[in-house]
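In case you want the letters, here they are:
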Amino acid sequence: MRAANFFRQRRFRFFACSLLAVAALVLFALPVQAHEEVGATVTVSAASRFQAKKLAESKAAEQAVINYIDRVSPGADASCVERMASDSASLVKRMTMQNLSFANGEAKASFRVQIDDSLINRRLEELGCGAQSGKASVTIVIMEEPPTIANISMILDAEDADGVRKLRGLGPFVVFYTSFQRAIRDAVIAQANKEGLQLTRLDTTQGMESYKVSGDDPLVGVYFDAATESFVINRKLVAAVRNRFASKNAIILYYRIDSLYFDQVERLLKAAISISLQDLVSGETKSVGSQEFAVTVPPKQPSVAIRDGLREVAANAASLLMNDAKKEARRMSSMAQARAEKQDATPGVVTLALDSKRTLYKIKQAMSSSMVQHAEIQGNSLVFQLAPGASLEDFVFGELYGVLEAQGLSIPEKNVKFQGKDVYISQ
C-alpha cells in the first residue's frame, strides 16, 4: 500500500512538472505589446528655439492623438477627440523630432510619435467613440473557414490514446474539435477586447440558435461531420448571417486552422492559424496572414494533456495573429464610417424587377409618395430614386409593398436585398 502511494505521488509530481514546462513555453511565447507610430507636423510661436521645441513637443503629442483618432474612428465627435487630446501625455510613449525650423518667432516642426494604440482604443470605446461607433454602427462577426483533413494530423498510438474514442484515420482528437474552435474564438475575442474592438458571437445572438447542428455547436460556421469524416460549412448559417448583417456595415472576421498536429517522434504540439476579414457591404476581403505556435511536451503524457495542449497552441497562434488583424479591423471599420458619412448625402435607390413591363408601368402610375424623387422604367425594372433623408425600409415595406399587393403581387421578403443605400427586389 505504501509503495502504491509512493508511485502515485511520483506520477502526480511528474505530471505537474510536465504541465508547468508546457505552460512556461506558452508564457514565454506570448506576444510583446506593440505601439503604433504616427506622424505629426505643428507650427508654434515662441521667443527662442529652446522654447519652440518644448511647445512643439507638447502640441505634437496632441496632434498625433488627433491624427490617430481621425484615422481609426472618423465618426468620433469633437468633444471626444478634444478629451483624448488633452490626455495625450498618458497616451504617448515616445517622440522623435524629424526636423525643426525657427525664424522670426515662429517654428515649424515634424515628429514621429509612438502612441499606446491599445490604451487609446480602449478609452475611445469607453467614451462611445470607438472605431465601431459613429455615423455607422459597425458589427464585427467572428466565423471560421473550414480546415482540410490533411492538415489536422492527430493520430496517436493506442497506448497514448487510451480511454479516448478513435475515429477512422483521423485520430481521437477530432471529437474535441469544438473545444479547439471555442479556444480560438475566445482568444481572438479577448485580444480584440483589449484593443477596444467588440466582436459578435453568433451563439449568443438572438435568433441564431436554430442554426446549431448539435448542442455544443459554437456557431462559427464550420462543424466536423463524424459520419462523413469531413469538415462541413453550415451554409444555412452563412446565408442567415449575410441576410441579417449585410445592411449593418458588418465585417466578418474569419479564422482558419491551417494545421494542427501532434508529432509523436519529436513530441511537438503545433498549430498554424490564418485570419482574414471581409466587408459584407463593399465585398472587400483582406488576408492578414498566418501565424504558427508550437511547444514540446515530455513523453508519457496522457491523451487529455495533449488535447489541452493542442487547444492552447491553437489559441496562442490566433492571439499572436490578432496583433495584425486588429489594425485591419480598424481600417475596415474606418472605411465603413467614411462610407456611411458619404451615403448620408446620397439618396436611396430601389430597383424593382418584374416579368411584366405593363405591371411595372401600373405600379409607377399608382405610386404617389413624397418619399420618391424620381421614378423611371429601365428595361424590365422600375427604378425609384428616393428623396434625401427618406428611409429605405419605410419606403419598401410601408409604401411599395402596399402598391404591389394592390396589383395582386406577393413578393417574399427573401427576395428583397438591402446593400447600403441600394435595394434590389425581384419577383
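All of the points below concern the structure found in this document. (Residues numbered from 1 in each chain as written. Predicted model: local features only at pLDDT ≥ 70, side-chain atom pairs only at ≥ 80, totals over all residues. Heavy atoms only, no water.)

## Let's talk about the state of the cysteines
(1) Moving on: Per the counting criterion, the structure on display carries one disulfide.
(2) Moving on: Two residues share a disulfide in this structure: C80 and C129, whose sulfurs sit 2.3 Å from each other. Judged by the torsion about the S-S bond (135°), the C80/C129 disulfide is right-handed. Of this pair, C80 sits in helix α3 (residues 78-86) while C129 sits in the loop between α5 (117-126) and β4 (139-145), placing them 49 residues apart in sequence.
(3) Moving on: You can call C80 buried: its relative accessible area is 4%. (Disulfide = S-S within 2.5 Å. Helix = DSSP H or I, 4+ residues; strand = E, 2+ residues; numbered from the N terminus. Buried < 20%, exposed > 50% of the residue type's maximum accessible area, 1.4 Å probe, protein only.)

## A word on unusual backbone geometry
(1) Moving on: One non-glycine residue, N104, lies in the positive phi region at around 55°.
(2) Moving on: Here N104 lies in the loop between β2 (92-103) and β3 (106-115).
(3) Moving on: Phi angles above zero are rare outside glycine, and L219 is one such case at about 55°.
(4) Moving on: Position of L219 among the secondary structure elements: in the loop between β6 (199-200) and β7 (222-225).
(5) Moving on: Judged by its relative accessible area of 1%, L219 is buried.

## Structural notes on the nonpolar core
(1) Moving on: By size, the foremost hydrophobic cluster in this structure holds 46 residues, and its most contacted members are V188, L199, L253 and I275.
(2) Moving on: Per-element accounting of this core gives the leading share, 14 residues, to helix α8 (residues 303-344).
(3) Moving on: Residue contacts for L199: discarding those within four places in its chain leaves I140, I142, V188, I189, A192 and L253.
(4) Moving on: Of all hydrophobic cores here, the second largest spans 30 residues; its members include V38, A52, I69 and M84. (Core = buried A, V, L, I, M, F, W, Y, C linked by side-chain atoms within 4.5 Å. Contact = heavy atoms within 4.5 Å.)

## Focus: the pairing of strand β15 (residues 416-419)
(1) Moving on: Only one face of β15 is covered, namely the one carrying V416 and F418; the face carrying K417 and Q419 has none of its residues buried.
(2) Moving on: In textbook terms, the turn of a hairpin is the stretch between consecutive antiparallel strands, and for β15 and strand β16 (residues 422-426) this stretch comprises two residues, one of which, G420, has a positive phi near 65°. (Pairing = 2+ DSSP bridges.)

## Quick notes on helix α10 (residues 392-406)
(1) Moving on: For α10, which comprises 15 residues, the first-to-last C-alpha distance of 20 Å matches the rise-based estimate of 21 Å (1.5 Å per residue) to within 8%.
(2) Moving on: In the structure, α10 departs most strongly from a straight axis at L400, where the bend amounts to approximately 35°.
(3) Moving on: Within α10, the full set of buried residues consists of L392, F395, V396, L400, Y401, V403 and L404.
(4) Moving on: Its side-chain oxygen at 3.4 Å from the backbone nitrogen of E393, S391 defines the N-terminal cap of α10.
(5) Moving on: Among the residues trailing α10, G408 stands out with phi positive, at a value near 80°. (Expected span 1.5 Å × (residues − 1). Bend = angle between axes of the 7 residues up to and from the residue. Polar contact = N/O pair within 3.5 Å; in protein donor to acceptor, adjacent residues only side chain to side chain.)

## Digging into the packing of helix α2 (residues 49-72) against α3
(1) Moving on: Running from amino to carboxyl end, α2 crosses α3 at an angle of 140°, the nearest separation of the two axes being 8 Å. Comparing the axis directions of α2 and α3 gives the class oblique. α2 and α3 meet at a crossing whose hand is right-handed. Across the interface between the two elements, E62, V65, I66 and I69 of α2 pack against V81, M84 and A85 of α3.
(2) Moving on: Residue composition of the contact of α2 with α3, grouped by class: six nonpolar, no polar and one charged. (Axes fitted to C-alpha atoms, helices over the stretch in contact; angles between N-to-C directions. Parallel < 35°, antiparallel > 145°, perpendicular 65-115°, else oblique. Left-handed = near helix turned anticlockwise from the far one by under 90°. Nonpolar A, V, L, I, M, F, W, Y, C, P; charged D, E, K, R; others polar.)

## Concerning the packing of aromatic side chains
(1) Moving on: Going through the model one piece at a time under the given rule, you end up with five aromatic pairs.
(2) Moving on: Relative to Y401, the ring of F397 has its centre 5.6 Å away and its plane inclined at 45°; by these criteria the two rings are tilted. In this pair, F397 and Y401 both sit in helix α10, four residues apart, roughly one turn of the helix.
(3) Moving on: Since its relative accessible area comes to 38%, F397 is described here as partly exposed.
(4) Moving on: Looking at Y401, the relative accessible area reads 12%, which means it is buried.
(5) Moving on: Put simply, the rings of Y177, F224 and F231 pair up and form one aromatic cluster.
(6) Moving on: Taking the ring centre of F176 as reference, the NZ or CZ of R307 above it sits at 4.8 Å. (Phe/Tyr/Trp six-rings, centres within 6.5 Å; stacked < 30°, edge-to-face > 60°. Lys NZ or Arg CZ within 6 Å of the ring centre and 35° of its normal.)

## Here's the deal with the environment of V288
(1) Moving on: Within the secondary structure, V288 sits in strand β11 (residues 285-296).
(2) Moving on: A sequence separation of 36 residues divides V288 from D324, and the C-alpha atoms of the two residues are 6.5 Å apart.
(3) Moving on: If we ignore the near neighbours within four places in the chain, the residues touching V288 are I275, S276, L277, L321, D324, A325 and E328.

## Examining the side chain of E36
(1) Moving on: Of note, E36 is situated in strand β1 (residues 36-45).
(2) Moving on: Discounting chain neighbours no more than four positions away, the residues touching E36 are Y68, R71, V113, Q114, I115, D117 and K327.

## Here we look at the sheet that holds strand β13 (residues 372-378)
(1) Moving on: Pairing in this open sheet of five strands is mixed, and the strands run β13-β14-β12-β16-β15 from one edge to the other. With one partner strand each, in any of the chains shown, β13 and β15 form the two edges of the open sheet. Strand-to-strand twist across the sheet, computed as the mean angle between neighbouring axes with direction ignored, equals 15°.
(2) Moving on: Set on the sheet, helix α9 (residues 357-366) makes contact with β12 (349-353), β13 and β14 (381-386); between it and β13 the angle comes to about 165°.
(3) Moving on: Set on the sheet, α10 makes contact with β12, β13, β14, β15 and β16; between it and β15 the angle comes to about 160°.

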